[in-house]
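If you want the building blocks of each chain, they are given just below.
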Amino acid sequence: MKCLLISSESAQVLFYWTDQEFEASLKHRFENLVEQHRETSPAFEDSINTLFAPLLISCITLNEKISDTYTSVVSENNYLFIVHQFGECTYVAVNGDGSESEDDLRRKIFVLKKIIDVCFGLVTLDTNILKKKLRPQDTEQRCKVWKMLQNLLMTYSHLREEDQSFLVEAVERLIHPQLCEQCIELLDRHVVQQINSSMERANEEVVHSFILVHTKLLAFFSSRNASSLRPSDLLALILIAQDMYPSDHNLESPIVKDLDNTAITEEVYAPTLSSGAGGGESLEGSSYMSQFTHSMVQVAEDSLQAFELFPSGSSTPKRVFLDANLKDNYCPMMPHNMYCMSLWPGISLVLLTKVPSSHVAVTLYQLLDAFSVLEAKLSDGQELGSTSRIYPNIPDLRQRMDKFIKAVGVPKRQLQSAWVEFKNKAFSKPDSVKSQELLQACRNVKSQLCLLYQQYFLLKPAGDSQHLSVNLQTKTLKIVQEKLMDWKDFLLVKSKRNTTMISYLREFPGLIHFIYVDRTVGQMVAPSLNISEKSTELGKGPLASFIKSKVWSLVGLGRRYLQKGYTTLTFRDGDYYCCYFLWFENETGYKLPVIELPVLSDDSAPIGTLTGDYYRKLLRYYGKNHSLEVIKCFELLTIHLGVIPTEFVIQQCSDLVRKLWEPSRIPLL
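Conventions we followed
Residues numbered from 1 in each chain as written. Predicted model: local features only at pLDDT ≥ 70, side-chain atom pairs only at ≥ 80, totals over all residues. Heavy atoms only, no water. Helix = DSSP H or I, 4+ residues; strand = E, 2+ residues; numbered from the N terminus. Buried < 20%, exposed > 50% of the residue type's maximum accessible area, 1.4 Å probe, protein only. Contact = heavy atoms within 4.5 Å. Areas by Shrake-Rupley, 256 points an atom, 1.4 Å probe, with all protein chains shown as cover. Pairing = 2+ DSSP bridges. Axes fitted to C-alpha atoms, helices over the stretch in contact; angles between N-to-C directions. Lys, Arg positive; Asp, Glu negative; His and termini not counted. Salt bridge = Lys/Arg side-chain N within 4 Å of Asp/Glu carboxyl O. Parallel < 35°, antiparallel > 145°, perpendicular 65-115°, else oblique. Left-handed = near helix turned anticlockwise from the far one by under 90°. Nonpolar A, V, L, I, M, F, W, Y, C, P; charged D, E, K, R; others polar. Core = buried A, V, L, I, M, F, W, Y, C linked by side-chain atoms within 4.5 Å. Polar contact = N/O pair within 3.5 Å; in protein donor to acceptor, adjacent residues only side chain to side chain.

Student: Mind showing me how you'd approach the overall build of the chain here?
Tutor: Check the secondary structure of the chain and you find 17 helices and 16 strands. Buried positions account for 55% of the 669 residues belonging to the chain. A fraction of 73% describes how many contacts in the chain between residues 6 or more apart in sequence connect residues 24 or more apart. Of the roughly 30600 Å² of accessible surface on the chain, a fraction of 50% belongs to carbon and sulfur atoms.

Student: Looking at this structure, how should I read the pairing of strand β11 (residues 347-354)?
Tutor: Along any regular strand, the residues point their side chains to alternate faces of the sheet. The element β11 is extensively covered by neighbouring structure, given that 7 of its 8 residues are classed as buried. The sheet contact formed by strand β7 (residues 205-213) and β11 spans 8 bridges and is antiparallel. Looking at the pairing, histidine 208 lines up with leucine 352 of β11. Note: strand β10 (residues 330-344) against β11, 8 bridges, orientation antiparallel. Each bridged residue has a counterpart across the sheet, and for asparagine 337 the counterpart in β11 is threonine 353.

Student: How should I be thinking about the sheet that holds strand β13 (residues 523-525) in this particular structure?
Tutor: The pairing of strands in a sheet comes from backbone hydrogen bonds and takes either a parallel or an antiparallel form. The sheet built from 6 strands is open, its strands ordered β6-β13-β12-β16-β15-β14 with mixed pairing. Looking at strand neighbours, the two that pair on one side only are β6 (171-172) and β14 (568-573), the edges of this open sheet. As defined by bridge partners, strand β15 (residues 576-585) adjoins strand β16 (residues 632-641) across 10 bridges and the pair is classed as antiparallel. Of the residues in β16, the one forming a bridge with tyrosine 577 is histidine 640. Sheet contacts for helix α16 (residues 614-622): β15 and β16; angle to β15, the most-contacted strand, approximately 55°.

Student: Is there a simple way to think about the side chain of arginine 559 in this case?
Tutor: Within the secondary structure, arginine 559 sits in helix α15 (residues 542-563). Of the side chains bearing the opposite charge, glutamate 169 lies closest to the buried arginine 559, which forms no salt bridge; the N-O distance is 4.5 Å. Non-local contacts of arginine 559, meaning those with residues more than four positions away in its chain, are made with Arg107, Arg160, Leu167, Val168, Glu169 and Ile607.

Student: Looking at this model, I keep getting lost on the packing of helix α3 (residues 102-120) against helix α5 (residues 139-162). Mind explaining?
Tutor: Angle between the axes and distance between the axes: these two values describe a pair of packed helices. Interhelical geometry of α3 versus α5 gives an angle of 130° and a closest axis separation of 11 Å. In terms of their interaxial angle, α3 and α5 are classed as oblique. In terms of crossing hand, the pair formed by α3 and α5 is right-handed. For the pair α3 and α5, the contacting residues are Asp104, Arg107, Lys108, Val111, Leu112, Ile115, Ile116, Cys119 and Phe120 in the first and Val145, Met148, Leu149, Leu152, Leu153, Tyr156, Ser157 and Arg160 in the second. Split into classes, the residues belonging to the contact of α3 with α5 amount to 12 nonpolar, 1 polar and 4 charged.

Student: Can you help me understand the nonpolar core in this one?
Tutor: As a rule of thumb, nonpolar side chains are buried together in soluble globular proteins. Core analysis: the biggest nonpolar cluster contains 116 residues, and Phe52, Phe371 and Leu449 have the highest contact counts within it. Looking at this core, the element that brings in the most residues is helix α9 (residues 358-379), giving 11 residues.

Student: Sorry if this is basic, but what is going on with the side chain of glutamate 45 here?
Tutor: Turning to its location among the elements, glutamate 45 is positioned in helix α2 (residues 44-66). A relative accessible area of 16% places glutamate 45 in the buried class. Side-chain polar atoms of glutamate 45 contact the side chain of arginine 135, separated by 2.6 Å. In contact with glutamate 45, not counting residues within four places along its chain, are Tyr16, Arg135, Arg142 and Trp146.

Student: Is there a simple way to explain helix α4 (residues 127-134) in this structure?
Tutor: Because the α-helix completes a turn every 3.6 residues, residues three or four places apart line up on one side. By the criterion of burial, α4 is predominantly enclosed, with 6 of the 8 residues buried. Of all the residues in α4, the buried ones are Thr127, Ile129, Leu130, Lys131, Lys133 and Leu134. In this structure, the buried residues of α4 make contact with β1 (2-7), β2 (13-18), β5 (89-95), α3, α5 and α12 (435-457). The opening residue of α4 is aspartate 126, an N-cap whose side-chain oxygen sits 3.1 Å from the backbone nitrogen of asparagine 128.

Limitation: the analysis is restricted to geometry and does not speak to function.
Structure below.
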């Protein structure tokens, strides 16, 4: 019984998603009303509008009257409603079966907002344009947009319930130093360099390339001049890739031994590629991946599986908007083309290219940022700044805007008209122009800039003009397939048994499970949890599911206490002892002193990476008093048997961190 929708300030539904139970319940409810009044059955979208209209109108009225509204509502039939406002759009998440908490629903809202930002870019700054993108007038186009967002939401919900990396919102690396090193060179020499030197690339430049095995990152390579890729954006790209080529374990059939008949500590034979070593990394936070271990790669021979190939997808890339921090400029939603190619079922190659007109996006963002600040100041009744100390400086903005309008190579009559109107009002006598008129003129310019951004990067489909040729994509795909052919089955097994608990039991008796996260680079290490398998390290039957539920519960509880400012949590839960720690270190691994963390309100953005990049802000907050040091942030969650004395549990946690901190043999990306 789940639902999520977005509505406008006039209570019009801009987007909705429901599960089958909610849809069936709503249809049944309106069918009964139709029978009573002998009317025709309404369309499902109209039913959604009718159902939520009272709540939405109430929220809008409260916002207009007292500039505040609901954050959560519980109905008489115990339906939980979470409400959050982004600009003029109201997001409502609903759960009627008790399977989701307030934090779960609020997290889903913020993840949907992240998905919309990645899909639509800077036009999200203008509500009128965003409404048209979310709810196109053309019914067929509207169905396509809604289906895309609905599929991404369902994929995210599935991954969050099944995948530890999406549970803690951090990327999991596939741990195999030799293969990782060789794949980096493969991406460098045979993918990035070959494409960027080809005449068939249509002026596109590959800036990032990576290989995924299900949701796990095998290798990542960035070109020399590429911006770093934020962990939140990389997770969003993995989500999109999984949505395009979902993992379907039902297609698998055993081709080696069953796990029951294989020794857990047996080392799997791994063939070699025909390439050497090398590569360079551009993941955010640090250029070194020194926190991820294990010194010996031992993998349980889970059932190797054979698949039928997915049908080949379209060669047309998907337009995505990602954070780009270049040498001299910054743009939070830089347009990229995303090419996702299925090497084999479960293994994908992803290419991110910089589009030829990307420099226009940087200038548009700078101008939009300046006019957004102006709009906020004018709304508060402040005067425009004419000195260089006040941002934005009006004379400087005037010069930049005039220069941009002259340089832009598309029809710009409306933008020029809006800019002339603003200049006439901004530089006239103070008494002759009302502040509201100037505010409206500022908003008109901002809206025209968003329309120009849309015209450049959204109106023309990514494959309608210039993109990598089909021949070049096919050639690249074949090269990577040839190089990885001998590794294919091994990788599918390895993705299920990336890190095994058995390798830690000798040193840490009583340890059942752990999750270690480096929040600086957004990566995690955790023993695999494959409860769908016939036999796992956690045993058979309900025990594995029980341990999994404990892990998911511990992550949620740790976040709730972190939201209240606590960085350490230890408690006994029945037969188990659970711990959560968050701490800061400098580059040498020296643990830095604990500080008082800010306490977040209940309706603030949920703690995570996809939901507002909490840890990035936390690192910035802690770094205020450590400006001369590189600050790193880590998390550790552990579950021990309850019979282990508390002092031994704490000592084991400390020893485990030291073991995990040791430089691994995973090479630089």
